[in-house]
Every structure is written in C-alpha cells, then in structure tokens.
Amino acid sequence: MVDPSPAPLSLAPKFAPDRLTLVGVGPGDPELLTVAAVKALEQADVVAHPVAREGESGMALAIALPWLQPQQLLLPLAFPMVAEAEPRISAWHEAADALARHVRTGRRVVLLCEGDVSLFATGSYVQLALRRRHPDLSFALIPGIPSVCAAAAAAAGVAVDLPLALQQEGLLIRPCPETASDFRKLLQSARYASTVLGLIKVGHRWPWVCAALTEMGLLDQALFAQRVGWSDQWVASASQVPPDARPYFSLLLIRQLWPEVLP
Ligand SMILES: C[S@@+](CC[C@H](N)C(=O)[O-])C[C@H]1O[C@@H](n2cnc3c(N)ncnc32)[C@H](O)[C@@H]1O
C-alpha cells in the first residue's frame, strides 16, 4: 500500500510566470531552455532582450527565437560593453524603466538572459535596478543552464570526461584573470584547494593563457569550449587549440586533480 505522504501545501507551479520574468535561456541550443522558460516565453506579450548596440540582434534572442510568436513585441535593450561606469549605469536604469513601463500597461514581459540569469548576467544588474527604482514591481527569475555546465556536458561528446566537482572538491566559476602572473597564481591556489576552475571570458586572452598552461604542463588537464550549444560549437582538449585569440564566447574548464576513489 502506498504511504499517504503529507499533502503538498500548494499546487501552484514553482515558476508561475509573473507579469515580469527574467528568463535564463541557456548557452545556445534552444533545446536547452527549461520547460518553465518556454512557458514564460509562450505567455509573454513583450520579449525584451539585450543587445550590445542599437540596431543589433543579440544572442539571447537568437536562442529563444524558435519559441517566440509573430504577435509578440520585441524590445531590444542596449547594454554597452564598455569599461566606464556611466554608460552602463544609465543603460541598466533605462532598461529597468522600460520594462516597468510595459508591465504597467498590463502586459506580460520577459527579459531574456543568455545562460543562467544570475551568473555573470546582465539580468542581475537589471534585477538590482528594478528593485531600487521600482520597488513596488514584483518579478520572477527563471534559472537557465550556465555555459560552464553545458561545456562539461558537451565534453563527453568528444570523449573527454570532466565532471565539474566531486566529493570534497570546490568549483570556482569566474572570469579569466587579466595577467599571466595572476593566472598562474590562480592555478596554484586552485590546485592547493582541490578546486576545479570554470574560466569564462577567455577569448582574446587565449594566446598567453595557452602559453602559461603549456609552461605549467597543464594543457592536457584543461578543456576548451567555444560557442557551446551553437551549430559551430567547438569543444576540445586545450592541447588541440592553436594559440590564437578565440571568440568572446569561449571558456576553459581546468581540473588539476582527481579524488583518490574513482570507478
Ligand atoms: C557575460 S558571461 C555570461 C555567462 C552566462 N550568464 C552563463 O550562465 O553562462 C559571458 C561569458 O560566458 C561564457 N559563455 C557564455 N555562453 C557561452 C557559450 N555558449 N559557449 C562558450 N562560452 C560561453 C564566455 O566565456 C563568455 O565570455
């Protein structure tokens, strides 16, 4: 006989689409959206999406496109990729205000975010700006598959097994350091702390990163992943990647140690 387990307190879906939802759309493949993300997209009147410059089309929109319908209003929001603070702060404020305006006209609005919505994501800045500038406006977040996780999964497809973390290990996901000396220090501290590294924003840093990995004898312990989930995805041992600059959408997974007890 089935044990009568406690009745659930609420049958409401965990990710019931709100009036405003920040949606992680995964790293590239439209099949890697969650069911919750697809439902939120289907129910949206307005689909906001980040672009680097006005008139451009963004990655997040390209990923979500198969799930969108012609009657939905597309709302590109420009987030300049610059080092200065001011243009970025203005862009976050303008984005939050634009989203709030649409929500206040009674529309259901989604903001698309590439990968996960809380991991090095423009969506996080918009989230903070919304909370400060429109504290009365509630919104929901739907997590997405992070590029680092998608890269570890894609590695198996090229017969490279690189679990992100096992047993007592740590996992550090962060941008690639800016200098070779900081990169070497990071590798040493990660090794000391049994921590696997997921380094994003490798792109144009690859020539000196590759040289440092070679010098430290770590090329074979590193997985390089470029445009994961896209039709031109390239995932390979770092030892197979020529030392030229790579695209912005590239990352490294570095596992220097393995636990003693393994199958
Ligand atoms: C601003 S971060 C966005 C991270 C994203 N929110 C996530 O959850 O993966 C951009 C960096 O993530 C990495 N990245 C994002 N998507 C990627 C993909 N499809 N393939 C490889 N790297 C990717 C790249 O290193 C890129 O420089």
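Residues numbered from 1 in each chain as written. Predicted model: local features only at pLDDT ≥ 70, side-chain atom pairs only at ≥ 80, totals over all residues. Heavy atoms only, no water.

### Quick notes on the domain arrangement of the protein chain
Link 1 in the chain: Taken domain by domain, the protein chain comprises domain 1 (20-142) and domain 2 (147-254).
Link 2 in the chain: If you average the C-alpha positions of domain 1 and of domain 2, the two centres end up 28 Å apart.
Link 3 in the chain: With 10 residues of domain 1 at the contact, the number on the domain 2 side is 12 residues.
Link 4 in the chain: Carbon and sulfur atoms supply 80% of the area that domain 1 and domain 2 bury against each other, a total of about 920 Å² over both sides.
Link 5 in the chain: Summed over the three residues of domain 1 that lose the most area to domain 2, namely Pro27, Met59 and Phe120, the buried surface amounts to 56% of that side.
Link 6 in the chain: For the pair domain 1 and domain 2, the interface holds zero salt bridges. (Domains from an automatic or database assignment. Contact = heavy atoms within 4.5 Å. Buried area = accessible area lost by both parts, 1.4 Å probe. Salt bridge = Lys/Arg side-chain N within 4 Å of Asp/Glu carboxyl O.)

### So, empty space enclosed by the protein
Link 1 in the chain: Here the structure, examined in full by the defined rule, presents one cavity of 30 Å³ or more.
Link 2 in the chain: Of the pockets and cavities examined, the largest cavity occupies roughly 50 Å³.
Link 3 in the chain: Around the largest cavity sit Glu169, Ala190, Arg191, Ser194, Thr195, Val196, Arg255, Gln256 and Leu257, which together line it.
Link 4 in the chain: Looking at the lining of the largest cavity residue by residue, the class counts come to three nonpolar, three polar and three charged. (1 Å grid on protein atoms, 1.4 Å probe; cavity = no way out; pocket = protein on both sides within 12 Å on 5 of 7 lines; lining within 4 Å. Points joined across faces, edges and corners; volume = space filled by probe spheres on them. Nonpolar A, V, L, I, M, F, W, Y, C, P; charged D, E, K, R; others polar.)

### Here we look at the site of the ligand
Link 1 in the chain: Around the ligand there are 18 residues in total, and Glu114, Asp116, Ser147, Lys201 and Ser250 lie nearest to it.
Link 2 in the chain: One nitrogen or oxygen atom from the side chain of Ser147 is found 2.7 Å from an oxygen atom belonging to the ligand.
Link 3 in the chain: Within the backbone of Ser250, one N or O atom sits 2.7 Å away from an oxygen atom of the ligand.
Link 4 in the chain: Relative to its unbound accessible area of 560 Å², the ligand is 94% covered by the protein chains.
Link 5 in the chain: More than half of the atoms of the ligand fall within 2 Å of the grid points belonging to the largest pocket.
Link 6 in the chain: The class makeup of the residues in the shell around the ligand is 11 nonpolar, three polar and four charged.
Link 7 in the chain: Per-domain counts for the shell around the ligand show at least three residues from each of domain 1 (20-142) and domain 2 (147-254). (Near = heavy atom within 4 Å. Polar contact = N/O pair within 3.5 Å; in protein donor to acceptor, adjacent residues only side chain to side chain. Areas by Shrake-Rupley, 256 points an atom, 1.4 Å probe, with all protein chains shown as cover. Sits in = over half its atoms within 2 Å of the grid points.)

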